[in-house]
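The primary structure of each chain is shown beneath.
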Amino acid sequence: MSKSDKPAEEPAGSAASAWSGRFSEPVAELVQRYTASVQFDQRMAEQDIRGSLAHARMLARVGVISQDDLADIERGMGEILDEIRGGRFEWRIDLEDVHMNIERRLTEQIGDAGKRLHTGRSRNDQVATDIRLWLRDAIDDALQLLRGFQLALLELADQHVETAMPGFTHLQVAQPVTFGHHLLAYVEMARRDAERLADCRKRLNRLPLGAAALAGTTYPIDRPYVAEQLSFDEVCENSLDAVSDRDFAIEFCAAAAIAMTHLSRLSEELIIWMSPRVGFIDLADRFCTGSSIMPQKKNPDVPELVRGKTGRVNGSLISLLTLMKGQPLAYNKDNQEDKEPLFDAADTLLDTLRIYTDMVSGIRVKPEAMRAALRQGYATATDLADYLVKRGLPFRDAHEAVALAVRTAEQRGCDLADFSLDELRAAMAEVKGAADKLDADVAAALTVEGSLAARNHIGGTAPEQVRAAIGRARARLG
Ligand code: ARG
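Below you will find a few notes about this structure. (Residues numbered from 1 in each chain as written. Predicted model: local features only at pLDDT ≥ 70, side-chain atom pairs only at ≥ 80, totals over all residues. Heavy atoms only, no water.)

Some details on the overall build of the protein chain
Link 1 in the chain: When its secondary structure is counted, the protein chain shows 20 helices and 6 strands.
Link 2 in the chain: With the C-alpha coordinates of the protein chain rotated into their principal frame, the extents come out at 105 × 55 × 40 Å.
Link 3 in the chain: In the protein chain, which comprises 478 residues, the share counted as buried stands at 49%.
Link 4 in the chain: Within the protein chain, contacts between residues separated by at least 24 positions form 73% of all contacts whose residues are at least 6 apart in sequence.
Link 5 in the chain: Only carbon and sulfur atoms are counted for the fraction: they give 51% of the accessible area of the protein chain, which is about 22,800 Å².
Link 6 in the chain: Distance from the positive charge centre (59 side chains) to the negative charge centre (73 side chains) of the protein chain: 2 Å. (Helix = DSSP H or I, 4+ residues; strand = E, 2+ residues; numbered from the N terminus. Buried < 20%, exposed > 50% of the residue type's maximum accessible area, 1.4 Å probe, protein only. Contact = heavy atoms within 4.5 Å. Areas by Shrake-Rupley, 256 points an atom, 1.4 Å probe, with all protein chains shown as cover. Lys, Arg positive; Asp, Glu negative; His and termini not counted. Charge placed at Lys NZ, Arg CZ, Asp CG, Glu CD.)

Right, here's the structure in full:
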């Protein structure tokens, strides 16, 4: 069909699109909406402008555009940035995406210089650059927030270096730990989350621009100069890879999913601890809601939602993996689907970290309830076995002797520490050589404080060690 066969009517939104020259009929409105990304990629507008300015400066430097063109582009982009920030920019769906919206507006404002901006560039390397810039900012925010989260945990841990609570395995009382020690487990998780994100940032921080559509460009471009302008550490080495790679987005979602998994586990603990059956903590009212029917309720909505939202982030990771697995080189329109899962994962992680830091600071600890749970769970049974072993009884015999003592205590409804020396001896009489290992000093081994203090090595729960671990963690965070 010749150009003259073109319908008189332009595609919806009036102006022909940047690529409509070879087409003979307008895109249907639904198709336009279906293929457009401006609804969600407009949030990369600032990154798009940053990338365009660096590209334009490079073009002027190597003499592909004039200094006057560059000056016009810089002025026009400044105005566009103001319009966007002021909410005055008119986003047009017929212009498809953030890139073409901004370019069209630039051309409206400055004329031919605006039309020269796209020389030696394609939306393929442009969008790859924009997402990297956007995600780099998001990672930097996440790293700051992870730091704040760790500091809040450390602050609370510091107040509870000596607060004893039951440590659990299988959700059954296992051995005494300090609440501070328990919190430090989450500091370690957050530390690894930060390491993972920082590691993702390293591979992300390479510049795709210059790859153009897929094969590079015929203009005498200076990629290292653009990289330097945009604070990229290096340039992507292969043009086909540069435009099609989304590993960094997958890596980010993986790191975000793991971080959310940690926050979800902590949420699960907060929910259990706050249940009136357990009552170890109370959350500040601002993180809870009431029930519309049951006046007595105070529900831990925020931790529950964190647990729930972890599913979204896992979903984003799977979306991106699935998005990429069937794509031949190089760019395919499938890639446009990378943004919503990525943005959603980043938004969810960042908001969760923001809210969590404040929530941790507002935790009210109830040491009496923790202590009561310890008394009910025979938490120092292992300490009693260790006591017998240190006096020469083989560990398996000691285990058996203590199990018998626990059975007797259970029958009487008392704690091991409630036994007199004679009662304890009688309770383990069936195990040869056990009872005569017991002396009056066994009482100390059965106390919670004795149990805690005895685990006195790096990584152990002894208050002295917890204090030192808090110091090291704070030093790491600077
Ligand atoms: N909106 C597109 C995206 O998000 C930009 C790149 C389009 N490139 C193309 N060849 N159609 O991926």
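Overview of the packing of aromatic side chains
Link 1 in the chain: Within the structure shown, the criterion is met by 5 aromatic pairs.
Link 2 in the chain: When the ring of Phe89 is compared with that of Trp91, the centres are 4.4 Å apart and the planes differ by 50°; the resulting orientation is tilted.
Link 3 in the chain: For the cation-ring pair, Arg22 lies above Phe23, with the distance from its terminal atom to the ring centre recorded as 5.6 Å.
Link 4 in the chain: The side chain of Arg61 reaches across the aromatic face of Tyr225, ending 4.1 Å from its centre. (Phe/Tyr/Trp six-rings, centres within 6.5 Å; stacked < 30°, edge-to-face > 60°. Lys NZ or Arg CZ within 6 Å of the ring centre and 35° of its normal.)

Concerning the environment of Leu151
Link 1 in the chain: Turning to its location among the elements, Leu151 is positioned in helix 7 (residues 123-159).
Link 2 in the chain: Look at Leu151 and you get partly exposed, because its relative accessible area is 30%.
Link 3 in the chain: Taking the C-alpha atoms as reference points, Leu151 and Arg265, separated by 114 residues in sequence, lie 19 Å from one another.

Regarding a nonpolar patch on the surface
Link 1 in the chain: Side chains of Leu214, Leu240 and Leu329 sit close together on the surface and give an oily, nonpolar patch of about 270 Å² of accessible area.
Link 2 in the chain: Within the secondary structure, Leu214 sits in the loop between strand 3 (206-207) and helix 9 (223-229). (Patch = residues over 30% accessible without salt bridge, like charges linked within 9 Å, V, L, I, M, F, W, Y side chains within 5 Å. Salt bridge = Lys/Arg side-chain N within 4 Å of Asp/Glu carboxyl O.)

Focus on the pairing of strand 2 (residues 172-178)
Link 1 in the chain: Relative to strand 2, strand 1 (residues 164-169) is paired through 6 bridges, and the arrangement is antiparallel. When the sheet's bridge partners are listed, Phe168 is paired in strand 2 with Val173.
Link 2 in the chain: Taking the residues between adjacent antiparallel strands as the criterion, strand 1 and strand 2 are bridged by 2 residues, where His170 takes a positive phi near 55°. (Pairing = 2+ DSSP bridges.)

Observations regarding the layout of surface pockets
Link 1 in the chain: Taken as a whole, the largest pocket spans an internal volume of roughly 550 Å³.
Link 2 in the chain: Considering the residues around the largest pocket, the lining is formed by 22 residues, among which Phe168, Leu171, His182, Glu269 and Trp273 are closest to the centre.
Link 3 in the chain: Those elements giving two or more residues to the lining of the largest pocket turn out to be strand 1, strand 2, helix 8 (179-204), helix 11 (247-274) and helix 14 (367-376).
Link 4 in the chain: Tallied by class, residues from the lining of the largest pocket come to 14 nonpolar, 4 polar and 4 charged. (1 Å grid on protein atoms, 1.4 Å probe; cavity = no way out; pocket = protein on both sides within 12 Å on 5 of 7 lines; lining within 4 Å. Points joined across faces, edges and corners; volume = space filled by probe spheres on them. Nonpolar A, V, L, I, M, F, W, Y, C, P; charged D, E, K, R; others polar.)

Considerations on the packing of helix 3 (residues 45-61) against helix 7
Link 1 in the chain: Helix 7 packs onto helix 3 with a crossing angle of 120° between their chain directions and a minimal axis gap of 9 Å. Taken together, the axes of helix 3 and helix 7 lie oblique to each other. Classified by chirality, the crossing of helix 7 by helix 3 is right-handed. Seen from helix 3, the contacting residues are Gln47, Asp48, Arg50, Gly51 and Ser52; seen from helix 7, they are Gln126, Asp130, Leu133, Trp134, Arg136 and Asp137.
Link 2 in the chain: Taken together, the residues of the contact of helix 3 with helix 7 sort by class into 2 nonpolar, 4 polar and 5 charged. (Axes fitted to C-alpha atoms, helices over the stretch in contact; angles between N-to-C directions. Parallel < 35°, antiparallel > 145°, perpendicular 65-115°, else oblique. Left-handed = near helix turned anticlockwise from the far one by under 90°.)

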